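# Topology and contacts: notes
Read off the chains here:
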Amino acid sequence: SAGREGACSRQSAAQEMGKRRSEIDGLLIPDGGGRLREIASLAFFYRLEPDEEAYLGTQRMDDPSLTTEPALNGAHFSALGGSRAEFESRFAGQFGSTPRSVTITAYDAMLMAITLDGRFSLGNLTSSRGFAGVLGTYRLTENGTTERSMAIKQITPDGIRVVQSAGSSFLF
């Protein structure tokens, strides 16, 4: 089956990395949940250890249940700076329901509109300073993309720890 083939290829890859671990500085695992646990466990089994070869990840590692996975102890990942849980709690208290995912974007858009106070020129919308949002500082660019200030976090047995907070402004 496809699931078994995928597991075999992950095992083969981890085994090969274990053989070449002296050449590896870090392992980026851009996944979460069960596959993240499986990949990290396989890498650890084949002697790629997070305190010697950095395990790196994405926002998907921001999951408190991962602190019980010994293979991920010491892993670092980037995460948004704000607190979704805090916003959702305040929203539920005010409106009696959990907000839909688009609600945070709408809230941030309203905060930006209030900040700009009607001055919606391209220069103001793409200000290099950016804007405060629910999930941290962000800015709009002239090419239509959005940039976000990210925090660096680490998985420890005692919980997820903030190594470096997301900036409240952009440096460049």
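Cut-off values and rules
- Residues numbered from 1 in each chain as written.
- Predicted model: local features only at pLDDT ≥ 70, side-chain atom pairs only at ≥ 80, totals over all residues.
- Heavy atoms only, no water.
- Pairing = 2+ DSSP bridges.
- Helix = DSSP H or I, 4+ residues; strand = E, 2+ residues; numbered from the N terminus.
- Axes fitted to C-alpha atoms, helices over the stretch in contact; angles between N-to-C directions.
- Contact = heavy atoms within 4.5 Å.
- pLDDT = per-residue confidence, 0-100.
- Buried < 20%, exposed > 50% of the residue type's maximum accessible area, 1.4 Å probe, protein only.
- Polar contact = N/O pair within 3.5 Å; in protein donor to acceptor, adjacent residues only side chain to side chain.

Spatial ordering of the open sheet is given by E4-E5-E6, a layout of 3 strands whose pairing is antiparallel. Only two strands of the sheet have a single neighbouring strand rather than two, namely strand E4 (131-133) and strand E6 (146-148). Pairs of neighbouring strands in the sheet enclose a mean axial angle of 35°, with direction left out of account. Two strands pair when backbone bridges link them, and E4 and strand E5 (residues 136-140) are joined in this way by 3 bridges, in the antiparallel orientation. Bridging from a neighbouring strand, Phe131 pairs with Tyr138 of E5. Strands E4, E5 and E6 of the sheet are contacted by helix H4 (residues 102-116), whose axis makes an angle of about 145° with E4.

The pLDDT averaged across the protein works out to 84; a share of 85% of its residues lies at or above 70. Averaged pLDDT values for the elements of the protein fall to 63 in helix H1 (residues 2-19) and rise to 94 in helix H5 (residues 122-125).

Among the 5 residues that make up E5, 4 are buried, leaving the element largely enclosed by the rest of the structure. The antiparallel pairing of E4 with E5 creates a hairpin that spans 2 residues between the two strands. Judged from the 3 bridges that link them, E5 and E6 form a sheet pairing that is antiparallel. Bridging from a neighbouring strand, Arg139 pairs with Glu147 of E6. Remark: 5 residues form the turn of the hairpin made by E5 and E6, two consecutive strands paired antiparallel; Gly144 in that turn has positive phi of roughly 95°.

Note on placement: Thr126 falls in the loop between H5 and E4. Only 2.6 Å separates the side chain of Thr126 from the backbone oxygen of Leu122, close enough to count as a polar contact. Not counting chain neighbours up to four residues away, the residues in contact with Thr126 comprise Leu140, Thr141 and Glu142.

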